[in-house]
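Listed below, chain by chain, are the residues.
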Amino acid sequence: TVVRYKNSYKNVAIGDSFMEVSFEKGRVKDVTRQRLTVNNQSKKKLKVTSPEEALLMFMSEKDPEEMIHVENIQLVFWVNTPDFNGEALVSDTAFPAWEITYNQGQTKYIDAYKA
């Protein structure tokens, strides 16, 4: 059995921030975690794109022949760092993003803020 806890800030999930606990025969077998902590919050207000716009942007990146089954879409805070290493990252800025879960758990983040 695997239990996955997602980290959140003010009831908004923080993308790629989680703790996953694996159990076998009622005992903890393994713990995997990647935790981001919010230190400061900006006073600047950002306009956020709609989930429909995010889906259109996501689909425009895909091969038209590829079968896509979107399972979930949610607004999250996300640090856009492709080669993120939790221990190496000291400070960065998280922005709103649409987290799209598709095709049996694959995840894609689409920036949700408008400049």
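You'll find the structure just up there.
Keep in mind that this is a model prediction, so the values were computed, not measured. (Residues numbered from 1 in each chain as written. Predicted model: local features only at pLDDT ≥ 70, side-chain atom pairs only at ≥ 80, totals over all residues. Heavy atoms only, no water.)

Let's shift gears to the overall build of the chain. A tally of regular secondary structure across the chain gives one helix and eight strands. In sequence order, the secondary structure elements of the chain are arranged as β-β-β-β-α-β-β-β-β. Within the span of the chain, comprising 115 residues, buried residues form 23% of the whole. The contacts of the chain with a sequence gap of at least 6 include a subset with a gap of at least 24, amounting to 48%. For the chain, the accessible surface area stands at approximately 8,800 Å², while carbon and sulfur atoms represent 49% of it. (Helix = DSSP H or I, 4+ residues; strand = E, 2+ residues; numbered from the N terminus. Buried < 20%, exposed > 50% of the residue type's maximum accessible area, 1.4 Å probe, protein only. Contact = heavy atoms within 4.5 Å. Areas by Shrake-Rupley, 256 points an atom, 1.4 Å probe, with all protein chains shown as cover.)

Further remarks concern the side chain of Glu99. Take Glu99: it is sitting in strand 6 (residues 95-102). On the basis of relative accessibility, which here comes to 5%, the residue Glu99 falls in the buried class. A distance of 2.7 Å separates a polar atom in the side chain of Glu99 from a polar atom in the side chain of Gln74. At 2.7 Å, the side chain of Glu99 forms a polar contact with the side chain of Tyr109. Apart from the residues lying within four places of it in its own chain, the contact partners of Glu99 are Lys6, Gly15, Asn72, Ile73, Gln74, Val76, Thr107, Lys108 and Tyr109. (Polar contact = N/O pair within 3.5 Å; in protein donor to acceptor, adjacent residues only side chain to side chain.)

Here the focus is the nonpolar core. Listed in full, the eight residues of the largest apolar core are Ala54, Phe58, Ile68, Trp98, Ile100, Tyr102, Ile110 and Ala112. Among the secondary structure elements, those contributing two or more residues to this core are helix 1 (51-60) and strand 6. Looking at which element gives the most residues to this core, the answer is strand 6, with three residues. The contacts of Ala112, once residues within four sequence positions are left out, are Lys47, Val48, Thr49, Leu75, Pro96, Ala97 and Trp98. (Core = buried A, V, L, I, M, F, W, Y, C linked by side-chain atoms within 4.5 Å.)

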